[in-house]
Amino acid sequence: MFCFQCEQTAGCSGCTGKSGVCGKSAVNARLQDELTGALIGLARVCAANPKTDRTDRLILEGLFTTVTNVNFNDDTLLDMIKRVREEKASIVPGCAGCMARCGNTDDYEMSFIWEAQEDIRSLKSLILFGIRGMAAYAYHALVLGYTNKRVNEFFYKALYVLAEDWSMEDLLPVVMEVGEMNLECMELLDLANTQTFGTPVPTEVSMTVEKGPFIVITGHDLLDLKLLLEQTEGKGIHIYTHGEMLPAHAYPELKKYPHLKGNFGTAWQNQQKEFANLPAPILYTTNCLMPVKESYADRVFTTEVVSYPEMVHIGKEKDFSAVIEKALELGGFKENREFTGINGGKTLLTGFGHETVLGAADQVVEAVKSGAIRHFFLVGGCDGARPGRSYYTDFVKLAPKDTVILTLACGKYRFNDLDLGTIGALPRLMDMGQCNDAYSAIKVAIALAEAFECSVNELPLSMILSWYEQKAVCILLTLLHLGIQNIKLGPTLPAFVSKNVLELLVDHYKIAPIKTPEEDLKEILGEA
Ligand code: SF4
Ligand code: SF3
């Protein structure tokens, strides 16, 4: 196998051999390549033939399926490959029997990319991994009934390009276009989420699990949470969010359910420890799913594109009865259990989306002008297991009292239970939501730049990002597309960024790897 799409890739260069660091088997990796190759073939067919909504959905579903920690199930991958091939055959029924085969619409062989010259491989990887992450966002919007034609069209274009023999100069603009289209895609998801569930409001979330039956729901899919809340209403079952589901507490149409009680656990990489012998079922709606341990294997449920061999999968009909029965059977804790975040805090605060932060724009601008706020840091992104990630906790702890920390995605669990106090009426630590709510951070940055009549790069704002999987790739490309400079990225740089491509990023965008919190803070605040 060969896979180097995530931050924990073996030896910071690539997972090879029998399985990846994430637990993905060589067979699974080969099937994911086969699926991607089939999607490229489908996209090439659609370049000259009419596609349908079903084709669009399949493209999104297929790409999302190959995101890290989503699908470990060979059977569902085989089924998906079959569906993609059937779709292609239905669009060009004559192709299979053609006597003068041109090969233009065949499934693509992914080793052509993995074995290409390193800069070409690097740029094609940025495109592929970027659209994988972006497909997850487009899929979440789609299940809520929201689509964007330009975004959908772009998936076909990007997949098409992957099979082309293009130069670096030709591929680079497509890499940047991933960033541009992902901005539209995140905007679409923001619209879908806020129109369906209301505008997030600042909300305090308890980490205590009350006695009695409960269900833990993890991942990013807010619709699944809504459906679960409806189906558990009046049944004496409490619902707790986990990981990237935490920001759900801030949406009026979700927080109105009194049995949505709080948040259990921290970020994904701690799940094998946190879920061991948990007296409750866990429902996975997206990544990050880790290889399931025996101590909780009888209580893992998956839905949507997430799948793991032998775990119960809740299909499209969204009947959560099996999860509900499991919750009642396990019964939960006998007494209330007080849990804490990794720094010992007992509550978390979330719900600082763009509407809330910009609602306080006057206060924010005033605080900056008066010197009460010296600097903003966006510290966030994907979490992971590497020990170097304690950088982010230390950075936030060391950030001076006249600075504000904006955060998002699961990387925030490194510090979101800290009480950093307030500046005036504003909390110093504001959780903007899930990774896709990077859209909120961008909106806030652009609005502040307008208020101060300067560019985003001239604002007293620095981005200190952590990355792990492919959603972080598309977000990073969006920030670069917007011309944002001086991003600090860690804990390590992506293995798929070649030396020349990195040089280009450093030259144009002054992107830099994180050093130590002390050094980076000094440099940013001009105290070096
Ligand atoms: Fe390795 Fe990451 Fe690929 Fe898993 S997803 S096989 S850990 S590079
Ligand atoms: Fe985390 Fe997996 Fe990426 Fe949406 S849950 S951020 S790593």
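This one's a predicted model, so the numbers in the text were calculated from it and none came from an experiment.

Rules used throughout
- Residues numbered from 1 in each chain as written.
- Chains lettered and ligands numbered in written order.
- Predicted model: local features only at pLDDT ≥ 70, side-chain atom pairs only at ≥ 80, totals over all residues.
- Heavy atoms only, no water.
- Helix = DSSP H or I, 4+ residues; strand = E, 2+ residues; numbered from the N terminus.
- Rg over C-alpha atoms; globule rule 2.2 N^0.38 Å.
- Buried < 20%, exposed > 50% of the residue type's maximum accessible area, 1.4 Å probe, protein only.
- Contact = heavy atoms within 4.5 Å.
- Areas by Shrake-Rupley, 256 points an atom, 1.4 Å probe, with all protein chains shown as cover.
- Lys, Arg positive; Asp, Glu negative; His and termini not counted.
- Charge placed at Lys NZ, Arg CZ, Asp CG, Glu CD.
- Near = heavy atom within 4 Å.
- Nonpolar A, V, L, I, M, F, W, Y, C, P; charged D, E, K, R; others polar.
- Domains from an automatic or database assignment.
- Buried area = accessible area lost by both parts, 1.4 Å probe.
- Salt bridge = Lys/Arg side-chain N within 4 Å of Asp/Glu carboxyl O.
- Polar contact = N/O pair within 3.5 Å; in protein donor to acceptor, adjacent residues only side chain to side chain.
- Pairing = 2+ DSSP bridges.

Quick word on the overall build of the chain
Point 1. A tally of regular secondary structure across the chain gives 18 helices and 18 strands.
Point 2. Over its C-alpha atoms the chain spans a radius of gyration of 23 Å, differing by no more than 12% from the 24 Å that the globule rule assigns to 528 residues.
Point 3. Across its three principal axes, the chain shows a C-alpha extent of roughly 75 × 60 × 40 Å.
Point 4. Across the 528 residues in the chain, those meeting the buried criterion constitute 61%.
Point 5. Taking all contacts inside the chain whose residues are at least 6 apart in sequence as the whole, residues at least 24 apart take part in 74%.
Point 6. On the chain, roughly 20,100 Å² of surface is accessible, and the fraction owed to carbon and sulfur atoms is 52%.
Point 7. Each charge sign in the chain was given a centre, from 49 positive and 67 negative side chains, and these centres are 3 Å apart.

Description of the site of ligand 1
Point 1. Near ligand 1 you find 13 residues, and of these Cys3, Cys6, Cys15, Cys22 and Thr68 are the closest.
Point 2. Per-class residue counts for the shell around ligand 1 are 7 nonpolar, 5 polar and 1 charged.

Topic: the domain arrangement of the chain
Point 1. For the chain, the domain assignment lists domain 1 (10-196), domain 2 (203-338) and domain 3 (351-524).
Point 2. On a C-alpha basis, the centres of domain 2 and domain 3 stand 29 Å from each other.
Point 3. Every contact between the two is made by 19 residues of domain 2 and, on the other side, 19 residues of domain 3.
Point 4. Taking both partners together, domain 2 and domain 3 bury about 1,300 Å²; carbon and sulfur atoms supply 57% of that area.
Point 5. Taken together, domain 2 and domain 3 are joined by 0 salt bridges.
Point 6. The tally of links from domain 2 across to domain 3 stands at 11 residue pairs in polar contact (both at pLDDT 80 or more).
Point 7. Within the side of domain 2 that touches domain 3, the residues separate by chemical class into 9 nonpolar, 9 polar and 1 charged.

Concerning the side chain of Gln271
Point 1. Looking at the secondary structure, you find Gln271 in helix α10 (residues 271-274).
Point 2. Here Gln271 falls in the buried class, since its relative accessible area comes to 0%.
Point 3. When near neighbours in sequence (up to four residues on either side) are disregarded, Gln271 contacts Ala276, Tyr284, Cys288, Leu289, Met290 and Tyr296.

A few points about the site of ligand 2
Point 1. As a matter of local geometry, ligand 2 sits amid His220, Glu244, Trp268, Asn287, Cys288, Cys382, Ala409, Cys410, Cys435, Tyr468 and Glu469.
Point 2. Residue classes in the shell around ligand 2 are distributed as 7 nonpolar, 2 polar and 2 charged.
Point 3. Counting residues domain by domain, the shell around ligand 2 receives three or more from each of domain 2 (203-338) and domain 3 (351-524).

Notes on the sheet that holds strand β16 (residues 461-466)
Point 1. With parallel pairing, 6 strands are arranged side by side in an open sheet as β15-β12-β11-β16-β17-β18. In this open sheet, the two edge strands, each paired with only one partner strand, are β15 (429-431) and β18 (512-513).
Point 2. Judged from the 2 bridges that link them, strand β17 (residues 488-490) and β18 form a sheet pairing that is parallel. What sits directly across from Lys488, in β18, is Ala512.

Remarks on the pairing of strand β1 (residues 203-206)
Point 1. Only one face of β1 is covered, namely the face carrying Thr203 and Val205; the face carrying Glu204 and Ser206 is uncovered.
Point 2. Strand direction decides the pairing type here: β1 and strand β10 (residues 347-350), joined by 4 bridges, are antiparallel. Its bridge partner lying in β10, Val205 is registered against Leu348.

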